Amino acid sequence: MLTVHHLGKSQSERIVWLCEELEIPYELKRYTRDPVTMLAPADYKALHPIGAAPVIADGDLVLAESGAIVDYITAKYGNGRLVLRADDPDFAQFLYWFHFANGTLQAGMGRLMILNRLKLAEDNPMLLATRARIDRAFDLVDARVRDAEYLAGSTFTTADIMMGFSLTTMRYFQPYDLARCPNVVGYLGRIGTRPAYRRAMEKGDPGMALLLS
């Protein structure tokens, strides 16, 4: 059986959510962050050489990287669900937003988180440039979900699952005021009411407040 190794408050929530959306059988193994360092515990780091979440096991396969895992699970178990075909008119949008999640938004928020921990001067050029880049990224998302129900268009896809973490739980690590992005708030309201999302978050991070606004 597919095993999802889920580290609390991490990108591995994407994998739990995906499995719930696809309604496929899986075993969920939960791990708690070190209360002092907020990093993964030693037994989680031992799962894969990269030592980061998420990690899955499927038979003899051990796989990391959330994007790779999402692609693997949908290809092997999805039967065409939650992805768009190349002949779909929204295929390019689907690809763009799927990769925007970790390629631009998540990477930028992680960079800003590190810069903030360095206690740099407020006029530090790198800090200002990174903040501006994050604002542009959120503005782009806000514009997209103003014009479309979901990121790929009218259909909920794995692009929404990938982006969901960066727009919500990641803000525990790098806060961002969504008051300037009303369309993002509306979008999070749409995906946040999905039964599979609610099941996934209750199973993976029970009791955690969901940052949907």
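Residues numbered from 1 in each chain as written. Predicted model: local features only at pLDDT ≥ 70, side-chain atom pairs only at ≥ 80, totals over all residues. Heavy atoms only, no water.

**Q** Kindly report on the pairing of strand 4 (residues 61-64), identifying the contributing residues and their values.
**A** Across four bridges, strand 3 (residues 55-58) lies against strand 4 in antiparallel orientation. Within strand 4, the position partnered with Val 55 by the bridge is Ala 64. Between the end of strand 3 and the start of strand 4, which pair antiparallel, lie two residues, with Gly 59 showing a positive phi angle near 65°. (Pairing = 2+ DSSP bridges. Helix = DSSP H or I, 4+ residues; strand = E, 2+ residues; numbered from the N terminus.)

**Q** Run through helix 4 (residues 91-117), naming residues and quoting values.
**A** Look at helix 4: 38 Å from first C-alpha to last across 27 residues, which is about the 39 Å you get at 1.5 Å a residue. By the largest-angle criterion, Phe 100 marks the main kink of helix 4, which is about 50°. At the C-terminal side of helix 4, Lys 119 shows a positive phi close to 55°. (Expected span 1.5 Å × (residues − 1). Bend = angle between axes of the 7 residues up to and from the residue.)

**Q** So what about the pattern of salt bridges? Which residues, and what values?
**A** Inspection of every chain in the model, using the stated rule, returns nine salt bridges. In this structure, Asp 135 engages Arg 180 in a salt bridge whose closest nitrogen and oxygen atoms are separated by 3.8 Å. Of the two residues, Asp 135 sits in helix 5 (residues 125-147) while Arg 180 sits in the loop between helix 6 (158-167) and helix 7 (182-192), which places them 45 residues apart along the sequence. The exposure class assigned to Arg 180 is partly exposed, which follows from its relative accessible area of 38%. The shortest N-O distance in the salt bridge between Arg 180 and Asp 139 comes to 2.9 Å. Linking Arg 180 in the loop between helix 6 and helix 7 with Asp 139 in helix 5, this pair joins segments that are 41 residues apart in sequence. (Salt bridge = Lys/Arg side-chain N within 4 Å of Asp/Glu carboxyl O. Buried < 20%, exposed > 50% of the residue type's maximum accessible area, 1.4 Å probe, protein only.)

**Q** If you had to explain the sheet that holds strand 3 to someone new, which residues and values would you point to?
**A** Taking strand neighbours across the sheet as the criterion, the four strands line up as 2-1-3-4 in an open arrangement whose pairing is mixed. The open sheet has two free edges, formed respectively by strand 2 (27-31) and strand 4, since each of these has just one partner strand. Each strand of the sheet is rotated relative to its neighbour by a mean of 20°, with strand direction disregarded. Here strand 1 (residues 3-7) pairs with strand 2 via five bridges, running parallel. Along strand 2, the bridge assignment pairs Leu 7 with Tyr 31. The strands touched by helix 1 (residues 13-22) are strand 1, strand 2 and strand 3; relative to strand 1, the strand with the most contacts, the crossing angle is about 140°. (Axes fitted to C-alpha atoms, helices over the stretch in contact; angles between N-to-C directions. Contact = heavy atoms within 4.5 Å.)

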